[in-house]
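Residues per chain are reported as follows:
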Amino acid sequence: MSDVILETQHLTKEFKGFTAVSKVNLSVRRGAIHALIGPNGAGKTTIVDLIIRLLAPQSGRVLIDDTDLALVDVRAWRSLIGYVPQETLLLHASVRLNVTLGETRFSDEDVVEALRAAGAWAFVAALPEGMDTVVGERGTRLSGGQRQRITIARALVHKPQLLILDEATSALDPASEAAICATLQQLRASLTILAISHQTAILEAADLAYRIADGSVQPITPTTAKNAA
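Residues numbered from 1 in each chain as written. Predicted model: local features only at pLDDT ≥ 70, side-chain atom pairs only at ≥ 80, totals over all residues. Heavy atoms only, no water.

Some remarks on the overall build of the chain
Then comes step 1: Looking only at helices and strands, one finds eight helices and 10 strands in the chain.
Then comes step 2: Dimensions of the chain, computed from C-alpha atoms along their principal axes, come out at roughly 50 × 40 × 35 Å.
Then comes step 3: Taken over 229 residues, the chain has a buried fraction of 48%.
Then comes step 4: Sequence separation of 24 or more characterises 69% of the internal contacts of the chain that already satisfy a separation of 6 or more.
Then comes step 5: About 10800 Å² of surface is accessible on the chain, with carbon and sulfur atoms providing 51% of the total. (Helix = DSSP H or I, 4+ residues; strand = E, 2+ residues; numbered from the N terminus. Buried < 20%, exposed > 50% of the residue type's maximum accessible area, 1.4 Å probe, protein only. Contact = heavy atoms within 4.5 Å. Areas by Shrake-Rupley, 256 points an atom, 1.4 Å probe, with all protein chains shown as cover.)

With respect to the packing of helix α4 (residues 108-117) against helix α6 (residues 144-156)
Then comes step 1: One can describe the packing of α4 onto α6 by two numbers: an axis separation of 8 Å at closest approach and a directional angle of 125°. Considering the angle they form, α4 stands oblique to α6. Crossing handedness for the pair α4 and α6: right-handed. Counting all contacts with α4, which are made through A114, L115 and A117, the residues of α6 involved are I150, A153 and L156.
Then comes step 2: Residues of the contact of α4 with α6, tallied by class, amount to six nonpolar, no polar and no charged. (Axes fitted to C-alpha atoms, helices over the stretch in contact; angles between N-to-C directions. Parallel < 35°, antiparallel > 145°, perpendicular 65-115°, else oblique. Left-handed = near helix turned anticlockwise from the far one by under 90°. Nonpolar A, V, L, I, M, F, W, Y, C, P; charged D, E, K, R; others polar.)

As for the environment of L165
Then comes step 1: Within the secondary structure layout, L165 lies in strand β7 (residues 162-166).
Then comes step 2: Residue contacts for L165: discarding those within four places in its chain leaves V84, I152, L184, I193, L194, A195 and I196.

Observations concerning the packing of α6 against helix α7 (residues 174-187)
Then comes step 1: Two elements in contact, α6 and α7, have axes whose closest approach is 10 Å; the angle formed by their N-to-C orientations is 25°. It follows from the interaxial angle that α6 and α7 lie roughly parallel. The chirality of how α6 crosses α7 is right-handed. Along the contact surface, α6 presents G145, R149, I152 and L156, while α7 presents S176, A179, I180, T183 and L187.

Side note on the sheet that holds strand β8 (residues 192-197)
Then comes step 1: Pairing within the open sheet is mixed, and its six strands lie in the order β6-β7-β8-β3-β9-β10. Strands at the two margins of the open sheet, each flanked by one partner only, are β6 (81-84) and β10 (216-220). Sheet twist, expressed as the average angle between the axes of neighbouring strands with direction ignored, equals 20°.
Then comes step 2: Across five bridges, strand β3 (residues 33-37) lies against β8 in parallel orientation. (Pairing = 2+ DSSP bridges.)

A word on a nonpolar patch on the surface
Then comes step 1: Taken together, the side chains of L91, L97 and L101 present a nonpolar region at the surface, about 240 Å² in accessible area.
Then comes step 2: Within the secondary structure layout, L101 lies in the loop between α3 (95-100) and α4.
Then comes step 3: By relative accessible area, L101 is classed as partly exposed at 47%. (Patch = residues over 30% accessible without salt bridge, like charges linked within 9 Å, V, L, I, M, F, W, Y side chains within 5 Å. Salt bridge = Lys/Arg side-chain N within 4 Å of Asp/Glu carboxyl O.)

Section: the side chain of R149
Then comes step 1: Mapped onto the secondary structure, R149 falls in helix α6.
Then comes step 2: Apart from the residues within four sequence positions on either side, R149 is in contact with A118, G119, A120, F123, A179, I180 and T183.

Regarding the nonpolar core
Then comes step 1: If you look at the biggest cluster of nonpolar residues, it comprises 42 residues, and the most contacted ones within it are L115, I150, L163, L165 and L184.
Then comes step 2: Mapped by element, the contributors of at least two residues to this core are β3, α3, α4, α5 (121-125), α6, β7, α7 and β8.
Then comes step 3: Counting residues per element, this core draws most heavily on α6, which supplies five residues.
Then comes step 4: Those residues in contact with L184 that lie beyond four places of it in its chain are I33, L163, L165, I193 and I202.
Then comes step 5: Of all hydrophobic cores here, the second largest spans 26 residues; its members include V24, L69, I81 and Y210. (Core = buried A, V, L, I, M, F, W, Y, C linked by side-chain atoms within 4.5 Å.)

As structure tokens, then:
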């Protein structure tokens, strides 16, 4: 089995005559952290949407284990992906429910394992009612970093093979962002990570980095990317 889990080849997407991304080539290796950085509006989320198959390209293709994504069962592919968005959408409910979203197939052990992997168990265990503690409307009883860890645990409870973070640390203070990046480094032993951001902190954790500008992607080392950002 190749160490490349995902590859895009000359991927191009247009919207009503506007080219969002053009001839994008990138590789995602198993067990590595990948950073895709660039300014807002550069096309980062479009690339993620093409990888998840929320969008179809005008030209080029996405390969999953050397198989064209167009030939893969999309639901099966998405079941292997954990997705963490920029906005932490937490329910006015318990920590447990915010991780499982009510799916009864997850045991308490599954939830604890996900919380531990996300670096959230220590603060959750210290809450007045542990996993049964209600987090407040939109998670207002938790800090920004704590809310983000809960959303990461929500993705990890499904035991994905690929974790995608879409600007997931951009709203955090520097200390919280650095802590999340440290957690991602610990996760690389068990899954593959693709993190997109307009900030450079993720480069401290990345094994491979790409920079996107005007819809075009170039591979650069994390150190070079940080200096160039």
